[in-house]
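Structure at a glance
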Amino acid sequence: MAEAYICAAVRTAGGRRNGRLSGIHANDLGARALDAVVARAGIDPSVIEDVIFGCVTQAGEQAGQVGRMAVLASGLPDSVPAVTIDRQCGSSQQAIQFAAQAIMSGTQDVVIAGGVESMSRAVMGSNYLPGSGISPISDAIKQKYGVKGFSQFVGAEMVTKKHGFTRDDTDAFGVESQRRAAAATEAGAFKDEIVPVEIITPEGEIEMHTVDEGIRPGTTKEALAGLKTMAEGGILTAGTSSQICDGSSAVLVASAEAVKRYGLTPLARIHNLTVTAGDPVIMLEEPLFATDKALARAGLKIGDIDLYEVNEAFASIPMAWAKHTGADPDKLNVNGGAIALGHPLGATGTKLMTTLIYGLKARNKRWGLQTMCEGGGVANVTIIEMA
């Protein structure tokens, strides 16, 4: 089977809800990542055979096939096709896997995988038509699982309780995510992976957005202890949950033949692609079992992996993942995670992959693993080997 290589990877710095990126249309925000990944790869954009773009809230400005609209807003030629996909929080991680499958099958040679989410402008859940009485979950499904609906917040608390985590445990994790993100920013760890985005400030000045806006340096357990829980009787709070975020990201995936033909420089080889699904009620626990399957298929053990990126949808998810797999916590989300850096839904998959690649490169390490929980009880796992 043909090999698939990631030859460029970029992300925007995250923007807080109604923050510095909120004035940018999702089409234009997605275009920024597309233009940047092509420039980083140093490739003629006319040879790109497809763009696979993740987006979760496909409503309002993100309706109408936002992947294609991002291409039209970019410097890519009109001849480049695009498709928009939704695997919930794992949308752009799935985009990577679809791109890699196209390369490995020999049907395509150069594909961009990416994603965009302007959570300020296309509010999460707005595609559910709130107030209409319409539900995306049929009565038959509700009866089958004995629920009124599926909730990530309920699932996160179920994971917390099942794995025996306390409020003190999750608050400590939230503090550490903020500490690591602040330290990484101060050390310039994100400098090479972030593509600057031009913004206009409220004062009418033009600035470049280059720093993740959600980081709160100096966060303490005492401060988090004062936050109200999201659910009555629960444990998780806004300080131990992913931040609403605006952002885009992209990676360029190419075959070995394309690498030679176009003079590309591989950053990493995609070693394993896994997706699994399980209980839709607890929902967010599936990365644990997906990782077991991915490692077995790859012939690797958790200790063989040098860095892990596990999306911090809620603190309890990477905590449960590390407990289940026996992963070294010092290798987990080493530059912080979505609690501090934000979770721009459809863009998070390629965002995490970008951070994983640059984290491995900075440490001269070999193996990386990325996974995240997804709505409906689904999880993707992608294992890469640095080139």
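Residues numbered from 1 in each chain as written. Predicted model: local features only at pLDDT ≥ 70, side-chain atom pairs only at ≥ 80, totals over all residues. Heavy atoms only, no water.

Going by what an unreviewed UniProt entry lists, the protein chain is known as Acetyl-CoA acyltransferase/thiolase family protein and is assigned to Hyphomonas oceanitis SCH89. In its Sequence similarities (unreviewed entry) section, the UniProt record describing the protein chain reads: "Belongs to the thiolase-like superfamily. Thiolase family." (UniProt positions renumbered as here; feature names shortened; annotations may be inferred.)

With that settled, consider the side chain of lysine 351. Relative to the assigned elements, lysine 351 resides in helix 12 (residues 348-363). Although buried, lysine 351 forms no salt bridge, and the nearest oppositely charged side chain, aspartate 212, lies 5.3 Å from it. Beyond its immediate sequence surroundings of up to four residues, lysine 351 is in contact with Arg11, Ser249, Leu341, Gly342 and Pro344. (Helix = DSSP H or I, 4+ residues; strand = E, 2+ residues; numbered from the N terminus. Buried < 20%, exposed > 50% of the residue type's maximum accessible area, 1.4 Å probe, protein only. Lys, Arg positive; Asp, Glu negative; His and termini not counted. Salt bridge = Lys/Arg side-chain N within 4 Å of Asp/Glu carboxyl O. Contact = heavy atoms within 4.5 Å.)

The full count for this structure, using the stated rule, is 3 aromatic pairs. Both rings, one in phenylalanine 153 and one in phenylalanine 314, keep their centres 5.8 Å apart while their planes meet at 75°; by these two values the pair is edge-to-face. Within this pair, whereas phenylalanine 153 is found in helix 5 (residues 152-162), its partner phenylalanine 314 is found in the loop between strand 10 (307-310) and helix 10 (316-325), the two being separated by 161 residues in sequence. (Phe/Tyr/Trp six-rings, centres within 6.5 Å; stacked < 30°, edge-to-face > 60°.)

Here the focus is the UniProt feature "active site" (unreviewed entry) in the protein chain. The residues that UniProt annotates with the feature "active site" (unreviewed entry) are Cys89, His343 and Cys373. A stretch of 285 residues holds the annotated residues, and the largest C-alpha distance among them is 12.1 Å, short enough that they meet in one place. By the element assignment, cysteine 89 lies in the loop between strand 4 (82-85) and helix 3 (91-105). Contacts of cysteine 89, omitting those with residues within four sequence positions, involve Val56, His343, Leu345, Thr348, Met372, Cys373 and Glu374. Classification of cysteine 373 as buried rests on a relative accessible area of 2%. If sequence neighbours within four positions are ignored, cysteine 373 has contacts with Cys89, Leu284, Pro287, Ala313, Ile317 and Val378.

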